[in-house]
Amino acid sequence: MANALYDKGREAFLKGQINWIDDVIKVALVQTPSSSNNSGYKVDLTSHKFLSSVPADSIIDTKILERGSSDADNGVANGSNVTFENVPLGKVVGAIIIYKQSQTADAGASQLIAYLDQLNGLPYQANGSNIQINWDNGINKIFKL
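Residues numbered from 1 in each chain as written. Predicted model: local features only at pLDDT ≥ 70, side-chain atom pairs only at ≥ 80, totals over all residues. Heavy atoms only, no water.

Caption draft 1: Quick peek at the pairing of strand E7 (residues 95-100). For E7, the buried fraction is high: 6 of the 6 residues fall into the buried class. Side chains of E7 alternate between two faces, with Ala95, Ile97 and Tyr99 and Ile96, Ile98 and Lys100 buried alike. In terms of strand pairing, E7 meets strand E8 (residues 111-116) through 5 bridges, oriented antiparallel. Bridge assignment links Ile98 to a residue of E8, and that residue is Ala114. (Buried < 20%, exposed > 50% of the residue type's maximum accessible area, 1.4 Å probe, protein only. Helix = DSSP H or I, 4+ residues; strand = E, 2+ residues; numbered from the N terminus. Pairing = 2+ DSSP bridges.)

Following this line, the structure appears as structure tokens:
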């Protein structure tokens, strides 16, 4: 798979349902199937819309993505690098999911935005230490609409 936006996430941007600057945007470390392990999240960019499509046991950790007022300039989504502390030993991070946190108490209703599995260092075998996600410094940053 390659880094991509969920179809329903694109639709939500075009309908004004996602505001990259003002909404709470989160980043999740996700386990994905591998050659040695068939469990984990199997992405479906066409039909998956909400975080409820991702099995809860596939989500390793989540963090809020900090952004500033210029982090959407020219249709380019940007934000601060994200550090996940003490990622449990033995977990294999196969992808990163970016999503808009639901405004309700139901986290499963959170809108999926992007699936990233082609970042430097992925897949990553956790060893109990921190994992830092460094976004691209190029022209597309996290992603470009």
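Caption draft 2: Structural view of the pairing of E8. The buried fraction of E8 amounts to 6 of the 6 residues, a majority that puts the element mostly inside the structure. Two elements, strand E1 (residues 4-5) and E8, share 2 bridges in a ladder whose sense is antiparallel. When the bridges of E8 are listed, Ala4 appears paired with Tyr115.

Caption draft 3: Looking closely at the environment of Glu66. If you trace the backbone, Glu66 turns up in the loop between strand E3 (59-64) and strand E4 (76-77). Glu66 sits 14 residues away from Ser80 along the chain, and the two C-alpha atoms are 5.5 Å apart. Excluding anything up to four places from it in sequence, Glu66 contacts Gly79 and Ser80. (Contact = heavy atoms within 4.5 Å.)

Caption draft 4: Structural view of the sheet that holds strand E2 (residues 25-30). The strand order E1-E8-E7-E2-E3 describes an open sheet built from 5 strands, whose pairing is antiparallel. Both outer strands of the open sheet, E1 and E3, are each paired with one neighbouring strand and no more. In this structure, E2 lies alongside E7, joined through 6 bridges in antiparallel fashion. From the neighbouring strand, Lys26 faces E7, where its bridge partner is Tyr99. Packing of helix H1 (residues 7-14) onto the sheet brings it into contact with E1 and E8, and relative to E8 it is tilted by some 125°. (Axes fitted to C-alpha atoms, helices over the stretch in contact; angles between N-to-C directions.)

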